[in-house]
Amino acid sequence: MHLNTAPNLESPDDFYEALIDAHRELSTQASEALNARLVLLLANHIGSQRVLLEALDAARGTVR
Amino acid sequence: MHWNELARPGADAVDYQKVVFDYERRADQDAATPARRPVAIVGAGPVGLALAIDLAQRGVPVVVLDNDSTLSAGSRAICFAKRTLEIFDRLGCGDRVAGKGVSWNTGKVFFRDQQVYSFDLLPETGHARPAFVNLQQYYVEGYLAERAAALPLVDVRWRNTVSGAEQHDDHVMLTIDTPDGPYRLAADYVAACDGARSTLRRLLGLESRGRTFKDRFLIADVRMRHEAPAERWFWFDPEFHRNQSVLLHRQPDGVWRIDFQLGWDADPEEEKRPERILPRVRALLAHSAMKDVDFELEWASVYTFSCLRMDSFRHGRVLFAGDAAHGVSPFGARGANSGVQDADNLAWKLAAVLHGHAPDALLETYAREREFAADENIRHSTRATDFITPKSSISRVFRDAVLELAKSHPFARTLVNSGRLSTPATLHGSSLNSPDVDAFRGAMAPGAPAADAPVTLPDGTPSWLLSQLGAGFTVLVAGVVPDVLKDVDGHGLDVRLLGVGTDIGDPSGLLAQRYDLRPGSTVLLRPDQHVCARWRAADAARVNGAIRRALALH
């Protein structure tokens, strides 16, 4: 399986709102910690090392 | 004391921390031309002594040169892994190490003021030896020394400092300084087991390269009168030692190892003073069930560490082993354990070459196999170090996020890394392996260290597989060993044929399960108890070919 970068979110606007809301009133430091926990939870859900490496590459902008 | 007195019965009373061995003049020091020896081992630490015993057991006389006259000062390495115990069994001192050592299974991880989780090592049953024992290094060296002293082929020379090493085509010429002045000794091969600051490495102008960690750690060994279960406790960023890590581990004799991370700016001399150490220990105890317990400081040391290795563990006729060849962080107990595995790998190969059973090329495989293992150890140890002491703010953020999540999410516990405890490397890709031609499952692939299993002897006595393996090659066959295998050629090494279900029983079925045996399956084991070939059905040609390959005879 490869990283799916095609549109896949069930409800994009709702997800985006929830993401921003989750950070509401947090300090930058607390936001950073939340993001780290979120990344780890999602990474575990994905599980596949190949997909995770592709996601890391995509996030770093090295995928063309 | 005299070295030979160590071997006499009743030497149990020796205080290994205090014993000082006599310098004894040898005839070699008066020889008109330098005496010639098959092997000189430099360094009488755990690696040098293990190698000396193994070689002597294989009929090779060894000279061991040590610049000092004592065993390990302080407890130092305290965690000895199952594979090391199995090697010590082969060397005749496994029972003493396992008998004195403390076994432990429970580990607890704390983050700030809370326990994040506890884990059980859940060691797989059906092995003669536990996953780990904790034992002060001076005991291990003492037991090895006593075993070595009982072997006439081992000649240990204290206060013999190597000050020169010249490589020649067929020998190494050593210059050795003694209290009586220098002498020269020629050796076919030299094993450099002389530690992280190896003299041999320096004399040959070689380097061990890698990554040095800018951090300091304090080891405080304290003696406490407190009966607590033997557990490994690890704190990340505890209230009593903010922003650093702390490890608590039990040793025999009521001694506890406490390891405090101090940071790079700590003054090593200052931190070694009891006035600095005692309040740290009291603060830790106040946060445990052991508060108000009386304790005394047994030994303290401030250390830094590097993860590094030499580019090649072989240079001409000099073979490097243990800390001389590679260095790791202490997290995961991979220093002494991997050094003993180096000795285990080297001894049978050196013996085979010196006895003329195998070509010099076999020694190249020592270097390649153990460089591969060192890379694996360094990788694990570097990862643990990066988790324990994050090197950037984002690394710290992720580390803390893992620890937070670990309180309630089991998946995050798999990411917590306070040291992945030493397991032996499977030597994938070694040129001594015969690649699989048949389908097998399980971990016992060519290159794997042989897994133990309970067995029964023909008279019904319970025993263990590893204790039944031969000093040379062992051919393990599921069922009756076919007559055609009875003439397999060990090229001078013994070949032991073991039928599973015939010569040895497998009452629990664990042996067949671990090696994925079906009737006729055949597994070839090297003298160091690594698998090197396996087949669903074997004939003499296949086994002979695999033995030749394992001796680098092709």
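Note that the structure is predicted; figures quoted are calculated from it, not measured.

Trainee: Help me understand the interface of chain A and chain B in this model?
Mentor: The extent of an interface is frequently quoted as the accessible surface area lost upon association of the parts. Listed per partner, the contact involves 6 residues of chain A and 9 residues of chain B. Tallied by class, the residues present in the side of chain A that touches chain B amount to 3 nonpolar, 1 polar and 2 charged.

Trainee: Looking at this model, I keep getting lost on the sheet that holds strand 7 (residues 132-134) of chain B. Mind explaining?
Mentor: All names here are of chain B. The sheet built from 3 strands is open, its strands ordered 3-7-4 with antiparallel pairing. Sheet topology places strand 3 (79-81) and strand 4 (102-103) at the edges, where each strand pairs with a single neighbour. Looking at chain direction, strand 3 and strand 7 are connected through 3 bridges and run antiparallel. Each bridged residue has a counterpart across the sheet, and for A81 the counterpart in strand 7 is F132. Helix 2 (residues 82-91) contacts strand 3 and strand 7 of the sheet and is inclined by roughly 75° relative to strand 3.

Trainee: Got a minute to help me understand the confidence of the model for chain B in this structure?
Mentor: A low pLDDT score tells you not to read the predicted coordinates there in detail. Averaged over every residue, the pLDDT of chain B is 94; the share at 70 or more is 99%. The complex model carries a pTM of 0.95, and its ipTM stands at 0.95.

Trainee: Would you mind showing me how to read the packing of helix 2 (residues 28-46) of chain A against helix 10 (residues 393-406) of chain B here?
Mentor: Helix-helix packing is characterised by the crossing angle of the two axes and by the distance between the axes. Between helix 2 of chain A and helix 10 of chain B, whose axes approach to 9 Å, the crossing angle comes to 65°. Crossing hand, helix 2 of chain A versus helix 10 of chain B: right-handed. In this structure, helix 2 of chain A uses E32, A33, A36, R37 and L40 of chain A to contact helix 10 of chain B, whose residues at the interface are V397, F398, D400, A401, V402, E404 and L405 of chain B.

Trainee: Looking at this structure, how should I read the environment of A358 of chain B?
Mentor: Residues and elements named next belong to chain B. Mapped onto the elements of the fold, A358 is located in the loop between helix 8 (335-354) and helix 9 (361-388). Classification of A358 by C-beta neighbours within 10 Å gives buried; the count is 24. Taking the C-alpha atoms as reference, A358 lies 37 Å from F21; in sequence the two are 337 residues apart. Ignoring sequence-local partners within four residues, the contact set of A358 consists of A352, V353, L551, A552 and L553.

Conventions adopted
Residues numbered from 1 in each chain as written. Chains lettered and ligands numbered in written order. Predicted model: local features only at pLDDT ≥ 70, side-chain atom pairs only at ≥ 80, totals over all residues. Contact = placed C-beta atoms within 7 Å. Nonpolar A, V, L, I, M, F, W, Y, C, P; charged D, E, K, R; others polar. Pairing = 2+ DSSP bridges. Helix = DSSP H or I, 4+ residues; strand = E, 2+ residues; numbered from the N terminus. Axes fitted to C-alpha atoms, helices over the stretch in contact; angles between N-to-C directions. pLDDT = per-residue confidence, 0-100. Left-handed = near helix turned anticlockwise from the far one by under 90°. Buried ≥ 20, exposed ≤ 12 C-beta atoms within 10 Å, placed from the backbone.

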